[in-house]
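# Secondary and tertiary structure notes
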Amino acid sequence: MKKKVLLMGASGSGKTSMRSVIFSNNPASLTSRLGATIDVEQNHVRFLGDLILNLWDCGGQDSFMDSYLSTQRSTIFQHVGVLIYVFDVESREMDKDLVYYRDCLDALKKYSPDAVVFLLVHKMDLVRASKKGILEKKTKDLQEASGDVGITIFGTSIYDESLYKAWSRIVHTLIPNAAILTKHLTTFAEACSATEVILFERTTFLVIATSQRESAVPTIQQTTRGCPDPHQLQSTRYERTSELIKAFKHACVRMREEFRCLDMELPEYTAVLDELTKNTYIMVVVHDPTIETAAIKINIRLARQKFEELQADSIN
């Protein structure tokens, strides 16, 4: 199964760098070596085994954009599953960027009216003022420019977890029956008495699905000194985990070691990250101190066949 993904935006907005970090597993520190994309660079990225992302990285120079919107219009915008349009947060030509963006939306409406649109306000690490205030202003401007088209906006940077948050949401929209995986992860969490269970794609470590067991998630409580409960789960925990594990994998490569699994036994909780299927990793987080790490691993091993079957069903 192939899904066409358009990656568009002005030249220098950071499209190729983010693709390199997510899909080529390159560290952000090496992206400065990448050159500008010439015309359209197509990559077939195997994701979850038989699901293939047909990623079209479109060069953002004016001459290329004019070509996409004229002679190549039908070729570029037909059969699109997702459009990802990247805006440089510090662009000095935002008016021109918005003109090209609106023209792309018009072409998308004609050739792929059901496509999902994501807008990434990129290079947020360069913002020196209030990041929240700048992103809110950019969001308002982009919503106005989008008219009646439904959009999802993220502020991103290749230097923190925000990029993984955005791309996890993007690929989640491309996985048929992702809700089925969520349902069975929830069942698995209940069987293990786990606080939370997260499913990652093996190569990119993007989040595919998570369990939904609100009753088991520690709530915000106050200690006698008025401090937040240390067991409170952070809202950025998924994408932060993706970023950290990718960095750890890079370290393993440099040491000529192969990453296989990770166990963490801390006073507050236990976390086990292990292979679930040939295309996924699973992280199980448990706050109950009576549950042994070995028991978690046994449950993962017993669940493997079922999740192999679910994964095959979700992409066929």
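Residues numbered from 1 in each chain as written. Predicted model: local features only at pLDDT ≥ 70, side-chain atom pairs only at ≥ 80, totals over all residues. Heavy atoms only, no water.

## A look at the overall build of the chain
Put simply, the rule is: Secondary structure follows DSSP: runs of H or I at least 4 residues long count as helices, runs of E at least 2 residues long count as strands, and numbering of each begins at the N terminus. Whether a residue is buried, partly exposed or exposed follows from its accessible area with a 1.4 Å probe, protein chains only, as a fraction of its type maximum: under 20%, in between, or over 50%, in that order.
A tally of regular secondary structure across the chain gives nine helices and eleven strands. In the chain, which comprises 316 residues, the share counted as buried stands at 49%.

## As for the pattern of salt bridges
Basically, it comes down to this: The working definition used for a salt bridge is a side-chain nitrogen of Lys or Arg within 4 Å of a carboxyl oxygen of Asp or Glu.
Summed over all chains, the structure comprises 13 salt bridges. Of the charged contacts, one joins Lys123 and Asp88 as a salt bridge, the two residues approaching to 3.6 Å between their closest N and O atoms. Here Lys123 is found in the loop between β5 (116–122) and α5 (131–146), whereas its partner Asp88 is found in strand β4 (residues 80–88), with 35 residues between them in sequence. Residue Asp88 is classed as buried on the basis of its relative accessible area, which comes to 18%. One salt bridge in this structure joins Arg240 and Glu243, with 2.6 Å as the shortest N-O distance. In this pair, Arg240 and Glu243 both sit in helix α8 (residues 237–254), three residues apart, roughly one turn of the helix. Under the relative-accessibility criterion, Glu243 is labelled buried at 16%. Linked by salt bridges that have partners in common, Arg19, Glu41 and Asp57 make up one network.

## Overview of the packing of aromatic side chains
When we look at a pair of aromatic rings, we describe it by the centre distance and by the angle of the planes. Just so we agree on the cut-off: A pair of Phe, Tyr and Trp rings is counted when the ring centres sit within 6.5 Å of each other, with Trp represented by its six-membered ring. The angle between the planes then sorts it: under 30 degrees is stacked, over 60 is edge-to-face, the rest tilted. Charges are assigned to positions over rings by a cutoff of 6 Å between ring centre and Lys NZ or Arg CZ, combined with an angular limit of 35 degrees from the ring normal.
The tally for this structure, following the rule as stated, stands at eleven aromatic pairs. Feature note: the residues Phe200, Phe205, Phe248, Phe259 and Tyr281 constitute an aromatic cluster, connected by ring pairs. When the ring centre of Trp56 is taken as reference, the NZ or CZ atom of Lys4 above it lies at 3.8 Å. Over the face of the ring belonging to Tyr238 we find Arg237, whose NZ or CZ atom lies 4.7 Å from the ring centre.

## Side note on the sheet that holds β5
The following threshold applies: We treat two strands as partners when DSSP finds at least two bridges between them. Axis geometry follows a simple rule: fit a line to the C-alpha atoms, using only the stretch in contact for helices, then measure angles between N-to-C directions, giving values from 0 to 180 degrees. The contact criterion used throughout is that any non-hydrogen atoms of two residues lie within 4.5 Å.
The strand order β2-β3-β1-β4-β5-β6 describes an open sheet built from six strands, whose pairing is mixed. Only two strands of the sheet have a single partner each, and these edge strands are β2 (40–47) and β6 (151–155). The mean angle between the axes of side-by-side strands here comes to 20°, regardless of whether they run parallel or antiparallel. Note that β4 and β5 share seven bridges and pair parallel. Residue pairing for β5: Val82 is matched across the bridge by Val116. Packing of helix α4 (residues 94–111) onto the sheet brings it into contact with β1 (2–9), β4, β5 and β6, and relative to β4 it is tilted by some 175°.

## A look at the sheet that holds strand β9 (residues 262–265)
Strands in a sheet are paired, the pairing made by backbone hydrogen bonds, and the direction either parallel or antiparallel. Pairing in this open sheet of five strands is antiparallel, and the strands run β8-β7-β11-β10-β9 from one edge to the other. The open sheet has two edge strands, β8 (207–210) and β9, and neither has a second partner. Taken pair by pair, the neighbouring strands of this sheet meet at an average axis angle of 20°, ignoring direction. By the bridge criterion, seven bridges tie strand β10 (residues 270–277) to strand β11 (residues 280–286) in an arrangement that is antiparallel. Directly across from Thr270, in β11, lies its bridge partner Val286. The sheet strands contacting helix α7 (residues 178–192) are β7 (196–201), β8 and β11, and the helix crosses β8 at an angle near 55°. Against the sheet, α8 contacts β7, β8, β9, β10 and β11, and its axis sits at roughly 50° relative to β7.

## Some points on the nonpolar core
As a reminder of what qualifies: In plain words, nonpolar cores are sets of buried Ala, Val, Leu, Ile, Met, Phe, Trp, Tyr and Cys residues tied together by side-chain atoms within 4.5 Å.
Grouped together as the largest cluster of nonpolar side chains are 50 residues, with contacts concentrated most on Ile84, Trp167, Ile282 and Val284. When residues no more than four places from it in sequence are discounted, the contact partners of Ile84 are Val5, Leu6, Leu7, Met8, Phe118, Leu120, Trp167 and Ile170. Formed by 33 residues, the second largest nonpolar core is a distinct cluster that contains Met8, Phe77, Ala115 and Ala145.

## A closer look at the side chain of Asp274
The condition is simple: Any N or O atom pair separated by 3.5 Å or less is treated as a polar contact, with the protein-specific requirement of one donor-capable and one acceptor-capable atom, and with residues adjacent in sequence counted only for side-chain atom pairs.
Mapped onto the elements, Asp274 comes out in strand β10. At 3.5 Å, the side chain of Asp274 forms a polar contact with the side chain of Arg304. Leaving out residues up to four positions away in the same chain, Asp274 has contacts with Arg260, Cys261, Tyr281, Ile282, Ile300 and Arg304.

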